[in-house]
Amino acid sequence: MNILLLGSGGREHALALGLARNNTLFIAPGNPGTKLVGTNIAVNPNDPVEVTKWATDNDIDLVVIGPEAPLVAGVADAVAAARIPVFGPSQAASMLEGSKAFAKDVMESAGVDTAASVACKTMSEVEAALARFEPPYVVKNDGLAAGKGVIVTRELDAARAHARACLEAPGGAILIEEFMDGPEVSLFCVTDGKTVVPLLPAQDFKRALDNDEGLNTGGMGAYCPLPWLPEGFADEVVAKVAQPVVDEMARRGTPFVGLLYCGLVVTRRGIRVIEFNARFGDPETQVVLSLLETDLADLLFAAATGTLADFAPLQWSEAAGVGVVVSAENYPATPVLGDRVEGIEEAETEPNTRVYIAGVSEGEACPVTSGGRVLMVSATGKTLAQARQRAYAGVAKISIRGSHHRTDIATRADQIRIPC
Ligand code: AMP
Ligand code: GLY
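From a predicted model like this one, the values you see are computed outputs, not experimental measurements.

Reading the values: the criteria
Residues numbered from 1 in each chain as written. Chains lettered and ligands numbered in written order. Predicted model: local features only at pLDDT ≥ 70, side-chain atom pairs only at ≥ 80, totals over all residues. Heavy atoms only, no water. Pairing = 2+ DSSP bridges. Helix = DSSP H or I, 4+ residues; strand = E, 2+ residues; numbered from the N terminus. Contact = heavy atoms within 4.5 Å. Axes fitted to C-alpha atoms, helices over the stretch in contact; angles between N-to-C directions. Core = buried A, V, L, I, M, F, W, Y, C linked by side-chain atoms within 4.5 Å. Buried < 20%, exposed > 50% of the residue type's maximum accessible area, 1.4 Å probe, protein only. Near = heavy atom within 4 Å. Polar contact = N/O pair within 3.5 Å; in protein donor to acceptor, adjacent residues only side chain to side chain. Areas by Shrake-Rupley, 256 points an atom, 1.4 Å probe, with all protein chains shown as cover. Nonpolar A, V, L, I, M, F, W, Y, C, P; charged D, E, K, R; others polar. Phe/Tyr/Trp six-rings, centres within 6.5 Å; stacked < 30°, edge-to-face > 60°. Parallel < 35°, antiparallel > 145°, perpendicular 65-115°, else oblique. Right-handed = clockwise from strand over helix to strand, strands pointing away.

1. Regarding the sheet that holds strand S18 (residues 320–327)
Sheet architecture is open: 5 strands sit in the order S12-S15-S18-S22-S19, paired in antiparallel fashion. With partners counted over all chains shown, the strands left at the sheet margins are strand S12 (203–204) and strand S19 (353–357), one partner each. Where strand S15 (residues 221–224) lies against S18, 4 bridges are found, and the strand directions are antiparallel. Residue glycine 221 lies in a different strand from S18, and its bridge partner there is valine 324. Contacts from helix H13 (residues 384–396) reach S15, S18, S19 and strand S22 (373–381) within the one sheet, and its direction differs from that of S18 by about 25°.

Here it is, written out as C-alpha cells:
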C-alpha cells in the first residue's frame, strides 16, 4: 500500500515505524525521525483540500491522521469524500475530544459512567457548583477558544480563579466535576464505527515533575502493560465504555471511525471515564506500539474500510515497555528552543532501545530542539524493571542543555492498588 500519515510528533514517529513495515510511507510534514522511515512531504496536514489533492495525485491507499488539528479541520471528511480510506474520525465525530460537554452528553445517552459535572457560564453558577462538590475541586476549560486547561485543587480560591480566567475568554465555558479517586489508565480502541478492538492498556505521566508534582504536560513518560490491572480489564472497558459510545455515535448519524482514546480512572466503584480523545495518545503510543506484533497498517486499513469484524485477534509481544520523555528547558511553560540535541545514536546502542523524535529540527551542524517535548527514549525488556533500566540508560546518553525528564516513570508500577 501507499500510505500518507499526517503529523510531526513522537507519536507519528512511532506510527511511521509501524506503518512502513510492509508499505510505502509518506509523512506530512513529518520530522527528522520519520524522514528515516519514509518520505517527508511539504503538505499542510490541516488543509483538507491540499491533503486530498496530494493523496489523489499520488495513488494513496490509506490516510492515517495522527494529531487532533486535522480532524477538527475536517481532513477526514474531505479524504473520505474522495473515496480514499482514512483512519481518523470526521469533524463531527471528533467532537468527542473537542467538546467535553458533548462527550458528557454522549456518555449520558450511552449509559457510560463518568464524573458528575456541572456546566457553568457565569461565576454565580460556579459558586453553586463548587458548593455542591467536596474538595479536591476539578475545574475544566470547555470554551470555544479552549486550550484544555484543567486544574485539580483543594483550594477554593484557586478553583474560583481558574474558573474566572476561563470564563473571561471569548466564548468562555467550563465544567466543574466530581473528583475521581484512583489510578489512571489510557486505553486505545481501534474502531471502524461498529466493531471495537482494544490495544493494551498503558499509563501516562502527565505532571512535569517526579511524584506527580508540577504543571500538567502533554505527558512525560509511559509504560505498558499495567501489572496491577485485573484480568479482562480491556474487555470490560470495551463492553462498558467504548462499544456503547461507538454505538451511540453511529445512532446519531456521526459514526466514529479511528482511534477512540479512553482516558479512565479505576475507582473503588468501578471504571470511570475522564475524557475521550479522537486520536492516539502521545507518549503512550510509542510504548504500546513497540509491543504490537500485528501489522499496524493492516489493522488501521481494516478500520478505515469497515472490516474490523473479520480481523484476526491482535498479536502482542510478551515484553514490557517503558518510555521516558526528555523535554526542553522550561517546558511546559515557555520551552527554550534551539539547543543542540546530542547522543541519539548512542542512546540507541542500549539493547531494545529506540529514540522517538518529537520537538527536533535539523540544525546547521546537528539537530536542535524545536518543541517542548524533544524526544522520548523507549525500551522493551523481559520485565518493566528491565525496560525501565534500559530506557534510563538511554536517557543518560542524551545531552541537551537545560533539558529535564522525570526519574520515576514506572518505578511504582508494582505498588499501585485500586482503592477498595
Ligand atoms: P483532562 O484534560 O480531562 O484529561 O484532565 C487532565 C488531568 O486532570 C487528568 O489526566 C487527570 O489527572 C485530572 N483529572 C481530570 N478530571 C478529573 C476528575 N474528575 N477527577 C480526578 N482527576 C481528574
Ligand atoms: N498522553 C495524553 C494525550 O495524548 O492526550
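2. Examining the nonpolar core
Residues Leu4, Val63, Leu96, Leu260 and Phe276 are the most contacted members of the largest nonpolar core, which totals 78 residues. Tallying contributions element by element places helix H9 (residues 233–251) first for this core, with 9 residues. Discounting chain neighbours no more than four positions away, the residues touching leucine 260 are Leu96, Leu187, Phe188, Cys189, Ala242, Val245, Val246, Phe276 and Asn277. Ranked by size, the runner-up nonpolar core spans 40 residues in total, among them Leu5, Leu19, Phe188 and Leu292.

3. Examining the sheet that holds strand S10 (residues 184–191)
Spatially, the 4 strands line up as an open sheet ordered S11-S10-S16-S17, and their pairing is antiparallel. Looking at strand neighbours, the two that pair on one side only are strand S11 (196–198) and strand S17 (270–277), the edges of this open sheet. Mean inter-strand twist for the sheet, computed between neighbouring axes without regard to direction, equals 35°. Sheet topology places S10 next to strand S16 (residues 258–267); 8 bridges connect them, and they run antiparallel. Bridged to glutamate 184 within S16 is valine 265. The sheet strands contacting H9 are S10, S11, S16 and S17, and the helix crosses S16 at an angle near 120°.

4. Some details on the site of ligand 1
What surrounds ligand 1 is a group of 14 residues, the closest being Lys140, Glu177, Met180, Glu184 and Glu275. Between ligand 1 and glutamate 177 there is a distance of 2.7 Å, counted from a nitrogen atom to a side-chain nitrogen or oxygen. With respect to ligand 1, the backbone of methionine 180 contributes an N or O atom lying 2.8 Å from a nitrogen atom. Here ligand 1 has 470 Å² of accessible area as a free molecule, and 89% of this is covered by the chains. For the shell around ligand 1, the secondary-structure elements that each account for two or more residues are strand S7 (137–141), strand S8 (150–153) and S17.

5. A look at the site of ligand 2
As a structural note, the neighbourhood of ligand 2 is formed by Asp204, Gly218, Tyr261, Asn277, Arg279, Gly281, Asp282, Pro283 and Glu284. At 2.9 Å from an oxygen atom of ligand 2 is found a side-chain nitrogen or oxygen belonging to arginine 279. One of the backbone nitrogen or oxygen atoms of aspartate 282 is found 2.9 Å away from a nitrogen atom of ligand 2. Burial of ligand 2 by the protein amounts to 90% of the accessible area it has alone, namely 200 Å². In terms of residue class, the shell around ligand 2 is built from 2 nonpolar, 3 polar and 4 charged.

6. Things to note about the environment of threonine 114
Along the chain, the position of threonine 114 falls in the loop between helix H6 (100–110) and strand S6 (117–120). Threonine 114 sits 253 residues away from proline 367 along the chain, and the two C-alpha atoms are 43 Å apart. Look past the residues within four positions of threonine 114 in its chain and what remains in contact with it is Lys104, Met107, Glu178, Met180, Arg272 and Val273. One polar contact links threonine 114 to lysine 104, side chain to side chain, over a distance of 3.2 Å. Reaching out from threonine 114, the side chain makes a polar contact with the backbone oxygen of valine 273 at a distance of 2.8 Å.

7. Focus on the packing of aromatic side chains
For the structure on display, the rule yields 5 aromatic pairs. Measuring from centroid to centroid gives 5.8 Å for phenylalanine 188 and phenylalanine 280, while their planes differ by 85°, and the two rings are edge-to-face. You can see phenylalanine 188 sitting in strand S10 and its partner phenylalanine 280 sitting in the loop between S17 and helix H10 (284–289), a full 92 residues away along the chain. Overall, the relative accessible area of 2% leaves phenylalanine 280 in the buried class. Aromatic side chains phenylalanine 205 and tyrosine 223 sit 6.0 Å apart centroid to centroid with 45° between the ring planes, which places their arrangement in the tilted category. Highlighted residues: phenylalanine 205 in the loop between S12 and strand S13 (207–209) and tyrosine 223 in strand S15, separated in sequence by 18 residues.

8. A closer look at helix H1 (residues 10–19)
Because each turn of an α-helix spans 3.6 residues, side chains separated by three or four positions in sequence point in the same direction. Within H1, 9 of the 10 residues are buried, which leaves the element mostly enclosed by the surrounding structure. Taken together, the buried positions of H1 are Gly10, Arg11, Glu12, His13, Ala14, Leu15, Ala16, Gly18 and Leu19.

9. Brief notes about the packing of H1 against helix H11 (residues 296–304)
One can describe the packing of H1 onto H11 by two numbers: an axis separation of 7 Å at closest approach and a directional angle of 100°. As judged from the angle between their axes, H1 and H11 are roughly perpendicular. Of the residues in H11, those touching H1 at Leu15, Gly18 and Leu19 are Leu296, Ala297 and Leu300. When its residues are assigned to classes, the contact of H1 with H11 shows 5 nonpolar, 1 polar and no charged.

10. Points about the pairing of strand S1 (residues 2–7)
By the criterion of burial, S1 is predominantly enclosed, with 5 of the 6 residues buried. By the bridge criterion, 6 bridges tie S1 to strand S2 (residues 24–29) in an arrangement that is parallel. Residue pairing for S2: leucine 6 is matched across the bridge by alanine 28. A crossover links S1 with its parallel partner S2, the connecting element being H1, and its sense is right-handed. Inspection of the sheet shows S1 paired to strand S4 (residues 62–65) by 4 bridges, in the parallel sense. Bridged to leucine 4 within S4 is valine 63.

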